[in-house]
Amino acid sequence: MATLTLSDRLSNAIRDVPDFPKPGIVFKDITPILQDAALFSASLDALAEAASPLDPTHIAAIESRGFLFAGGLCERLGASLILLRKPGKLPSETFQQSYTLEYGEDHLEVHADAAGPADRVFLVDDLLATGGTAAASAALVRRTGAELVGAGFLVELSFLSGRERLHGFPVHSLIDYPSES
Ligand code: AMP
């Protein structure tokens, strides 16, 4: 029997949920990956492998599903953690950035002292769709003065061209959906 690639294993695990959270959106539910310890760990290994040559000092995690991957990445890479959070969650002085989602509009914040000019930041989230969230996150990271050295996603919906909104750093995804169906 042929060994399945990581991409095949992720594809088999990801659950399509039509019309969630709004009509017309096909939600890529990654919770079955989290329920599979070996697959969760293999996903973290693959993201760490993509980030490692970029020599990141920090992992910036996008609320909320980016948080799920950031701790494991920090542990694997010996990196520190930056939280990019929804408004009103971070207690100290923040920078804020607005963005549009595939299904709405929102804001993200980062602590102003989360990183500085000496730091190399790798951004992580579960999924790249239109790229609005990641572009806003990139802008926030750069406002701290740090260098954004790359970004990693479990899933990319490349038919939404999110990658085209991310400039100046490499973007890595573990599985791509080039079309909607
Ligand atoms: P975007 O800003 O359009 O790239 O959207 C990316 C963010 O929204 C990520 O944090 C995802 O968790 C979430 N997201 C957007 N579209 C989907 C989708 N079809 N399935 C699951 N999550 C999504």
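Predicted model only: the values in this text are computed from it and were never measured.

## Some points on the pairing of strand S7 (residues 120-128)
- Across the nine residues of S7, eight count as buried, placing the element largely inside the fold.
- Bridge analysis of strand S3 (residues 58-62) against S7 gives four bridges, and the strand direction is parallel. Counterpart to Ala61 in the pairing with S7 is Val124.
- The pairing of S7 with strand S8 (residues 147-156) spans eight bridges and is parallel. When the bridges of S8 are listed, Leu123 appears paired with Ala151.

## Quick notes on the packing of helix H3 (residues 37-51) against helix H4 (residues 65-77)
- Interhelical geometry of H3 versus H4 gives an angle of 60° and a closest axis separation of 9 Å. One finds that H3 runs oblique with respect to H4. Where H3 crosses over H4, the two elements pack in a sense that is right-handed. Here H3 contributes Phe40, Ser41, Leu44, Asp45, Leu47, Ala48 and Ala51 to the contact with H4, which in turn contributes Leu68, Phe69, Gly72, Leu73, Arg76 and Leu77.
- Split into classes, the residues belonging to the contact of H3 with H4 amount to nine nonpolar, two polar and two charged.

## Brief notes about helix H5 (residues 132-143)
- Its twelve residues give H5 an end-to-end C-alpha distance of 17 Å, which sits within 8% of 16 Å, the value for a rise of 1.5 Å per residue.
- Next to the buried residues of H5 lie S3, strand S4 (80-84), strand S5 (94-101), strand S6 (104-111), S7 and S8.

## Focus on the sheet that holds S4
- Strand order in the open sheet formed by five strands is S4-S3-S7-S8-S9, and the pairing between neighbours is parallel. Pairing within the sheet leaves two strands with one partner each, and these edge strands are S4 and strand S9 (171-176). Neighbour to neighbour, the strand axes of the sheet diverge by 20° on average, direction disregarded.
- For S8 and S9, the ladder comprises five bridges, and the chain directions are parallel. Residue pairing in the sheet places Ala151 in a bridge with Val171 of S9.
- Its contacts with the sheet put H4 on S3, S4, S7 and S8, and the angle it makes with S3 is roughly 170°.

## Overview of the packing of aromatic side chains
- For the structure on display, the rule yields two aromatic pairs.
- Judged by centre distance (5.8 Å) and plane angle (85°), the ring pair of Phe40 and Phe69 falls under edge-to-face. Pair noted here: Phe40 is in helix H3 and Phe69 is in helix H4, with a separation of 29 residues, a long-range link.
- Assessed through its relative accessible area of 0%, Phe69 is described here as buried.
- Residue placement shows Lys28 over the ring face of Tyr177; its charged tip is 3.8 Å from the ring centre.

## Section: the packing of helix H1 (residues 6-13) against H3
- Following both chains from N to C, one finds H1 and H3 inclined at 130°, their axes separated by 11 Å at the closest point. Comparing their axes, H3 and H1 come out oblique. Where H1 crosses over H3, the two elements pack in a sense that is left-handed. Along its contact with H1, which presents Leu6, Arg9, Leu10 and Ala13, the element H3 presents Ala38, Leu39, Ala42, Ser43 and Ala46.
- Here the residues of the contact of H1 with H3 are counted per class, giving seven nonpolar, one polar and one charged.

## Details of the nonpolar core
- Counting 31 residues, the largest nonpolar core has Ile33, Ile59, Leu73, Val124, Leu154 and Val155 as its most contacted members.
- Of all elements in the fold, only H1, H3, S3, H4, S7, S8 and S9 reach the threshold of two or more residues within this core.
- When residues of this core are assigned to their parent elements, the largest contribution, six residues, is made by H3.
- Excluding residues within four positions of it along the chain, Leu73 makes contact with Leu44, Leu47, Ala48, Ile59 and Val124.
- Grouped together as the second largest cluster of nonpolar side chains are 25 residues, Ala115, Val121, Ala138 and Phe153 included.

Cut-offs applied
- Residues numbered from 1 in each chain as written.
- Predicted model: local features only at pLDDT ≥ 70, side-chain atom pairs only at ≥ 80, totals over all residues.
- Heavy atoms only, no water.
- Buried < 20%, exposed > 50% of the residue type's maximum accessible area, 1.4 Å probe, protein only.
- Helix = DSSP H or I, 4+ residues; strand = E, 2+ residues; numbered from the N terminus.
- Pairing = 2+ DSSP bridges.
- Axes fitted to C-alpha atoms, helices over the stretch in contact; angles between N-to-C directions.
- Parallel < 35°, antiparallel > 145°, perpendicular 65-115°, else oblique.
- Left-handed = near helix turned anticlockwise from the far one by under 90°.
- Contact = heavy atoms within 4.5 Å.
- Nonpolar A, V, L, I, M, F, W, Y, C, P; charged D, E, K, R; others polar.
- Expected span 1.5 Å × (residues − 1).
- Phe/Tyr/Trp six-rings, centres within 6.5 Å; stacked < 30°, edge-to-face > 60°.
- Lys NZ or Arg CZ within 6 Å of the ring centre and 35° of its normal.
- Core = buried A, V, L, I, M, F, W, Y, C linked by side-chain atoms within 4.5 Å.

Everything listed is a geometric property; what it means functionally is a separate question.
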